[in-house]
Amino acid sequence: MTTDGTIVVTGGTGTLGRAVVARLRDAGREPRVLSRRAGPGRTVGDLDTGAGLDDAVRGASVVLHAATRPGHDVAATANLLRAVRRTGSHPHLIVVSIVGADRISLGYYRQKVAVEDLVTSSGLPWTIQRATQFHDLLDTIFCYTSWLPVLPVPADVRFQPVDVRDLAERLATLAAGKPAGRAPDLGGPEVLSMGELAGVWLAVRGRRRPVLRVRVPGAVVRGFRSGANLAAHRERGRITFVEFLGRAPGT
Ligand SMILES: NC(=O)c1ccc[n+]([C@@H]2O[C@H](COP(=O)([O-])OP(=O)(O)OC[C@H]3O[C@@H](n4cnc5c(N)ncnc54)[C@H](OP(=O)(O)O)[C@@H]3O)[C@@H](O)[C@H]2O)c1
């Protein structure tokens, strides 16, 4: 496996992908960034239609697949794999997935498992990196609900949010190495209840709201309550939620 060939990053304009591209550039690599929109350093292509994918993946030694569009990821990954086969490329395929995707009955998570299955049966050398929820996701959830007079959170649900810069570091290391199969799950440095995370968010954002812990029924929240979304591995990301919020725009 070459480690100095072309690295293609799908989703390289997204929350995670931008951090990955920045990390690769810091390491002196110039990845080929797939996007539906033209821009500096980008290769235009669409995973939904297949347009432009052949040119995007041709000759790649690594394809780091971080694109997502909920509801479309399985078909998109199948299109990506078809393009790889058509061009006769044999890249190391690295795919980003979600910790506990197979144990939490959320539609989006089922799609991630189906994507993993496509990858493991692709005949290509592969690595699957599962990660916990990103700090950005929790920030977005709290932003959306912060107009309410109370901040409602599901009771007894814990998260171990990870910073995309820590995940990008891991992915860059994987991209420079041999295919690893299922890499150890990556989570953030702290496991906190949703109520504790809400308290941190309110404090850093300077908002005053009571946090309302709500007992939410249903299989999805039961999955989260079971801790299936937590990364058991001892190697964790380093950047905490407070540190992330301290750097996030608007703080
Ligand atoms: N968010 C989380 O908490 C979390 C946790 C664990 C794992 N993950 C996984 O991490 C990965 C990245 O997630 P993210 O939150 O960083 O995603 P995101 O910010 O929503 O970015 C989505 C990316 O996908 C690209 N994309 C979407 N549809 C496309 C299409 N048809 N063709 C080409 N590109 C397309 C977009 O590129 P353009 O718009 O430029 O075309 C964009 O760069 C995903 O696999 C996700 O499941 C996320």
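From a predicted model like this one, the values you see are computed outputs, not experimental measurements.

About the thresholds
- Residues numbered from 1 in each chain as written.
- Predicted model: local features only at pLDDT ≥ 70, side-chain atom pairs only at ≥ 80, totals over all residues.
- Heavy atoms only, no water.
- Helix = DSSP H or I, 4+ residues; strand = E, 2+ residues; numbered from the N terminus.
- Rg over C-alpha atoms; globule rule 2.2 N^0.38 Å.
- Buried < 20%, exposed > 50% of the residue type's maximum accessible area, 1.4 Å probe, protein only.
- Contact = heavy atoms within 4.5 Å.
- Areas by Shrake-Rupley, 256 points an atom, 1.4 Å probe, with all protein chains shown as cover.
- Lys, Arg positive; Asp, Glu negative; His and termini not counted.
- Charge placed at Lys NZ, Arg CZ, Asp CG, Glu CD.
- Pairing = 2+ DSSP bridges.
- Near = heavy atom within 4 Å.
- Polar contact = N/O pair within 3.5 Å; in protein donor to acceptor, adjacent residues only side chain to side chain.
- Phe/Tyr/Trp six-rings, centres within 6.5 Å; stacked < 30°, edge-to-face > 60°.
- Core = buried A, V, L, I, M, F, W, Y, C linked by side-chain atoms within 4.5 Å.
- Axes fitted to C-alpha atoms, helices over the stretch in contact; angles between N-to-C directions.
- Parallel < 35°, antiparallel > 145°, perpendicular 65-115°, else oblique.
- Left-handed = near helix turned anticlockwise from the far one by under 90°.
- Nonpolar A, V, L, I, M, F, W, Y, C, P; charged D, E, K, R; others polar.

When helices and strands are counted, the chain shows nine helices and eleven strands. Against the globule reference of 18 Å for 251 residues, the chain gives a C-alpha radius of gyration of 19 Å, in line with a compact fold. For the chain, the residues scored as buried account for 48% of the 251 residues in total. Put simply, 79% of the contacts in the chain that link residues at least 6 apart link residues at least 24 apart. Looking at the chain as shown, the accessible area adds up to about 11600 Å², and 54% of this sits on carbon and sulfur atoms. Between the centroid of the 34 positive side chains of the chain and the centroid of its 22 negative side chains there is a distance of 3 Å.

Right, let's get into the sheet that holds strand 6 (residues 126-131). Taken together, seven strands build an open sheet; the order of strands is 3-2-1-4-5-6-9 and the sheet is parallel. Edge positions in the sheet fall to strand 3 (42-44) and strand 9 (181-182), since each has one partner strand and no second. For strand 6 and strand 9, the ladder comprises two bridges, and the chain directions are parallel. Considered in strand 9, the bridge of Thr127 is made with Gly181.

Moving on, we get to the site of the ligand. Near the ligand there are 26 residues, and of these Thr13, Ser35, Arg37, Tyr108 and Lys112 occur at the shortest range. Within the backbone of Leu16, an N or O atom sits 2.8 Å from an oxygen atom of the ligand. Arg37 is positioned such that a nitrogen or oxygen atom in its side chain is 2.7 Å from an oxygen atom of the ligand. Coverage of the ligand by the protein chains reaches 87% of its 900 Å² of free accessible surface.

For the rest of this paragraph, the subject is the packing of aromatic side chains. Applying the stated rule across the entire model yields six aromatic pairs. When the centroid spacing of 6.4 Å and the interplanar angle of 55° are considered together, the rings of Tyr108 and Tyr109 count as tilted. Under the relative-accessibility criterion, Tyr108 is labelled partly exposed at 23%. Using a relative accessible area of 6% as the deciding quantity, one classes Tyr109 as buried. Within the aromatic cluster, the residues linked to one another by ring pairs are Tyr108, Tyr109, Phe159 and Phe224.

With respect to the secondary-structure elements, Val9 resides in strand 1 (residues 6-10). Between the C-alpha atom of Val9 and that of Thr120, which follows or precedes it by 111 residues, the distance is 19 Å.

So, about the nonpolar core. With 24 residues, the main nonpolar core has Val9, Leu16, Val20, Leu64, Ile94, Leu167 and Leu171 as its most contacted residues. Taken together, the elements giving at least two residues each to this core come down to strand 1, helix 1 (15-26), strand 4 (60-65), strand 5 (92-98) and helix 6 (164-175). If near-sequence neighbours (up to four positions away) are discounted, Leu64 is found in contact with Val8, Val9, Thr10, Val20, Ile94, Leu171 and Ala175. In terms of nonpolar packing, the next biggest core, distinct from the first, is built from 22 residues, Phe142, Leu151, Phe159 and Val221 among them.

A word on the packing of helix 1 against helix 6. Packing of helix 1 against helix 6 leaves a shortest axis separation of 8 Å and a crossing angle of 55°. Looking at the two axes, helix 1 sits oblique to helix 6. Every pair of crossing elements has a handedness; the one defined by helix 1 and helix 6 is right-handed. Residues Thr15, Leu16, Ala19, Val20, Arg23 and Leu24 of helix 1 lie in contact with helix 6, whose contacting residues are Val164, Arg165, Leu167, Ala168, Glu169, Leu171 and Ala172. Classifying every residue of the contact of helix 1 with helix 6 by side-chain character gives nine nonpolar, one polar and three charged.

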